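# Commentary on secondary and tertiary structure
If you want the building blocks of each chain, they are given just below.
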Amino acid sequence: MPTNTLSPPLLDVHDLCVSFTSRGQVVPIVENLSFSIGEQEILGLVGESGSGKSVTAMALMGLIDAPGVHVSGSARFKGQDLLGLSGKQMRALRGREIAMIFQDPMTAFTPVYTIGWQIDEQLRAHHNLSRKQARTRTVELLGEMGVPDPANTANRYPHQLSGGLRQRAMIAMALSCNPSLLIADEPTTALDVTVQAQILDLMRRLRTTYGSSVLLITHDMGVVAETCDSTLVLYSGRAAETGATQDLFAHPQHPYTAALLASIPPMNGPRPDRLPAIPGTPPQPLERPAGCAFAPRCTYTHASCLPAPPPTFCTVGPAHKVACVLPGEGNPLPKRAYTSATPVL
Amino acid sequence: MQFPSPTVQAAPPRSSSGATQPLLAVRDVYKTYSLKHGQTLRAVDGVSFTVMPGEVLGLVGESGCGKSTLGRCLLRLNDVSAGQIIFDGQDITRLPERILRPLRQQMQMVFQDSYASLNPRRRIGDLLAEPLRVHRTPDGRKHTPMAIAHRLEELMELVSLPRAALERYPHEFSGGQRQRVNIARALVLSPRLVVADEPVSALDVSVQAQIVNLFADLQKSLGLTYVFIAHDLAVVRQISTRVAVMYLGVIVELGETDTVLHNPAHPYTIALTQAVPRPVVGAPRHAPLRGEIPSPVNKPSGCRFHTRCPAVQTRCQNEAPTLTQIAPNHAVACHYPVLKSTHA
């Protein structure tokens, strides 16, 4: 259920920049990223490895504290700026108001305590509960996440569970304090497709049962199409395109989004002889072009793409914005040939 | 010229006994591992299929289904516990290493992890030259340094890497470029069969398409035969002529790519095709399959899929179905195969 535009968004990120210093050089990782998430909205943050999606999540959670890292911009969440909070203030928020689930639940859990112990601990850190009360709630949560025999599973160690069950336990732990925002960093990437389908189904139900908003980070356009209300496409640390998922997939207006969608092998319809691949690889942060970062790989590159500064968002539809010069020059990309109108199977 | 040029190689298969003979035949292969407490893990549990020259067989399945173990068995990187592997009419299952070695020139492998499969301390040129130093020319002589240098340059061109890449180390390349190096290494000795184990699953989408295209181009221009192992059905659909779907050590469905993926007859294949998230908003959504893959150590009785099957019947719990032909070029291991495409 996309958000009511009248109420302020739950999270409003403005001009987020993350950079670190290496050998005296400032390496920009994320540049001027702005986006917002409404109540009960699922926003998909898509991009390839190195595009800065995980760094964005870590910055919002206040989890980047390496020396030499510089985070600027603002991230307003329920009236507070997340980026300006002290460690203590952040700790009160983290887990309780904003929770995070990671790609690899094996490394996110500590191997030396049982799943149940770890969920109990989080509950007791944020609520005044006895061990017994916490465990009752833990078992309840595991059951709600579809873990079979939750009372016994709570007494198991992470290595004793399958990948799918570990991810369910991870989600149970993240939801234990009923957070308003759940950040899920590639939550299904390590899972098999049939289990991935189950977890995505679970994530879609979260907003109705728990009222949570979700920031879903993924590289899989299929996962975004099936799960997210709106989508933000990142390329090389910069926002390329954002919009309602439906609009963005029906009519991608950034050449990168369009090329990325075209390069996915289709599951139905005729098989192309060759896939329309994008030549080259994404640039390293230090080799990022001054103008549009995608220009070296783009088929539409022309003179106005090259000079700095990189193109900023221009509006091409309701809530649909694209960081490309083409729409402004009156040459928007054609609609995607492969849309929901194409019969599936 | 010691190495046939690509156009020469594309000539009909070199098999002495005609083109109708499969390049690879797998007959009732088992691979079991002994575990603690007297348990056995049957990773591959009675698999048979053939691959004709010039064909691409896609091997799909979820983790733990035995597809990688089977792939390694095909090249005798693992010895099989029972059954036969016949390469070009010759049973290689029990061949001693000394006799097998010359044959290995004709079968090569590409792995998923492009970095782990290259020695980080050796230059690309050195890595690619090694097979040529190990193996001899068809007339039994050593490859001359000149011939090796020439072959390496040819290979770089084949996989679209600059010649300068030969002087560099594996860490200097991106994942996609490293996978090109791995493909080049697999092709050094002009093999006839390439087994690729998840060769594109570690790559980003925009790079994945390049490598899938490269595999397809090389297959056509060099007349190669692939066994392409992957969990991504869309990638398998793009490259394969036939598809085998594995579940817990057995093949549950085998047939032409379009038949298996568009008219699947096995409930597992149906669920698998429906579970693939498609980059299309409003694609019909299906109820996901219940449960997870059971442990390959304690496999369910009867049909292995019966614990998760939406159409399970009593017979499925007791009696294991065998892979049976239901149409020309379409076999399925199910007591109650779905014959019409009503599930679409």
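Residues numbered from 1 in each chain as written. Chains lettered and ligands numbered in written order. Predicted model: local features only at pLDDT ≥ 70, side-chain atom pairs only at ≥ 80, totals over all residues. Heavy atoms only, no water.

### A short note on the sheet that holds strand S4 (residues 82-87) of chain B
All names here are of chain B. Our working rule: Note: two strands are recorded as paired if DSSP finds a minimum of 2 bridges between them. Numbering of helices and strands starts at the N terminus; helices are DSSP runs of H or I of at least 4 residues and strands are runs of E of at least 2. In this analysis, two residues are considered to be in contact whenever any of their non-hydrogen atoms come within 4.5 Å of each other. In this description, a line fitted to the C-alpha atoms serves as the axis of each element, helices being fitted only across the stretch in contact, and the angle between N-to-C directions of two axes falls anywhere from 0 to 180 degrees.
Spatially, the 4 strands line up as an open sheet ordered S2-S1-S4-S5, and their pairing is antiparallel. Strands at the two margins of the open sheet, each flanked by one partner only, are strand S2 (40-51) and strand S5 (90-91). The pairing of S4 with S5 spans 2 bridges and is classified as antiparallel. When the bridges of S5 are listed, Phe 87 appears paired with Gln 90. Strands strand S1 (24-34), S2 and S4 of the sheet are contacted by helix H2 (residues 67-74), whose axis makes an angle of about 60° with S2.

### Some points on the environment of Leu 128 of chain B
All names here are of chain B. Inclusion rule: Exposure categories follow from relative accessible area, calculated using a 1.4 Å probe and restricted to protein chains: below 20% of the type maximum is buried, above 50% is exposed, and the middle band is partly exposed.
The residue Leu 128 is located in helix H4 (residues 124-134) in this model. With a relative accessible area of 0%, Leu 128 lands in the buried category. Separated by 23 residues in sequence, Leu 128 and Arg 151 have C-alpha atoms that sit 9.4 Å apart. With near-sequence residues (within four places) excluded, Leu 128 lies in contact with Leu 152, Met 156, Leu 166, Val 181, Ala 184, Arg 185 and Val 188.

### What about a nonpolar patch on the surface?
Note the threshold: Patch members must show over 30% relative accessible area and no salt bridge, and they are joined within 9 Å when carrying like charges or within 5 Å when they are nonpolar side chains of Val, Leu, Ile, Met, Phe, Trp or Tyr. The accessible surface values rely on the Shrake-Rupley method and a 1.4 Å probe; as for residues, cover is taken only from the protein chains in view. Any Lys or Arg side-chain nitrogen found within 4 Å of a carboxyl oxygen on Asp or Glu counts as a salt bridge.
Together, Val 112, Tyr 113 and Trp 117 of chain A line one region of the surface with nonpolar side chains, adding up to about 290 Å² of accessible area. With respect to the helices and strands, Val 112 of chain A occurs in the loop between helix H3 (105-108) and helix H4 (115-126).

### Observations concerning the packing of aromatic side chains
All names here are of chain B. The line we're drawing: Any two of the Phe, Tyr and Trp rings considered here, Trp counted by its six-membered ring, make a pair once their centres fall within 6.5 Å; the pair's planes then place it as stacked at under 30 degrees, edge-to-face at over 60, or tilted in between.
Scanning all chains against the criterion turns up 9 aromatic pairs over all chains. An angle of 90° between the planes, with centres 5.5 Å apart, marks the rings of Phe 215 and Phe 228 as edge-to-face. Placement of the pair is Phe 215 in helix H7 (residues 205-222) and Phe 228 in strand S8 (residues 225-230), with a sequence separation of 13 residues. Classification of Phe 215 by relative accessible area gives buried; the value is 1%. Taking the centre distance of 5.2 Å and the plane angle of 65° together, the rings of Tyr 268 and Phe 305 count as edge-to-face. With Tyr 268 in helix H10 (residues 267-275) and Phe 305 in the loop between H10 and helix H11 (314-318), the pair connects residues that are 37 residues apart, well separated along the chain. On the basis of relative accessible area, Phe 305 is assigned to the buried category, the value being 1%.

### Observations regarding the pattern of salt bridges
Side chains carrying opposite charge are able to pair once their charged atoms draw close together. Residues and elements named next belong to chain B. Applying the stated rule across the entire model yields 26 salt bridges over all chains. A salt bridge links Arg 42 to Asp 45; the shortest N-O distance between them is 3.1 Å. On the basis of relative accessible area, Asp 45 is assigned to the buried category, the value being 6%. Where Arg 151 meets Glu 154, a salt bridge forms, and the shortest distance between an N and an O atom there is 2.6 Å. Placement of the pair is Arg 151 and Glu 154 together in helix H5 (residues 145-158), with a separation of 3 residues, close to one helical turn.

### Here's the deal with the confidence of the model for chain B
Heads up, the rule is: A score between 0 and 100, pLDDT records how confident the predictor is in each residue.
When the pLDDT values of chain B are averaged, the result is 89; 93% of them are 70 or greater. Here residues 1-18 of chain B is a poorly scored stretch, pLDDT under 50, and it has 25 contacts once near neighbours within four places are set aside; other chains count.

### Considerations on the interface of chain B and chain A
Just so we agree on the cut-off: We define buried area as the total accessible area lost by two parts upon association, computed with a 1.4 Å probe and summed across both. Two N or O atoms form a polar contact when they lie within 3.5 Å of each other; inside protein one atom must be a possible hydrogen donor and the other a possible acceptor, and for residues adjacent in sequence the pair counts only when both atoms belong to side chains. Three categories are distinguished: nonpolar for Ala, Val, Leu, Ile, Met, Phe, Trp, Tyr, Cys and Pro, charged for Asp, Glu, Lys and Arg, and polar for the others, with Gly belonging to the last.
If you look at the interface, chain B gives 43 residues, while chain A gives 51 residues. Both faces combined, the contact of chain B with chain A buries some 4,300 Å², and carbon together with sulfur accounts for 56% of it. For the pair chain B and chain A, the interface holds 2 salt bridges. The salt bridge partner of Arg 274 of chain A is Asp 217 of chain B, with a shortest N-O separation of 2.5 Å. There are 22 residue pairs in polar contact (both at pLDDT 80 or more) connecting chain B and chain A. Elements with a contribution of two residues or more to the side of chain B that touches chain A: H7, helix H8 (233-239), helix H9 (257-262) and H10 of chain B. The leading source of residues in the side of chain B that touches chain A is H7 of chain B, at 9 residues. Grouping the constituent residues of the side of chain B that touches chain A by class yields 21 nonpolar, 11 polar and 11 charged.

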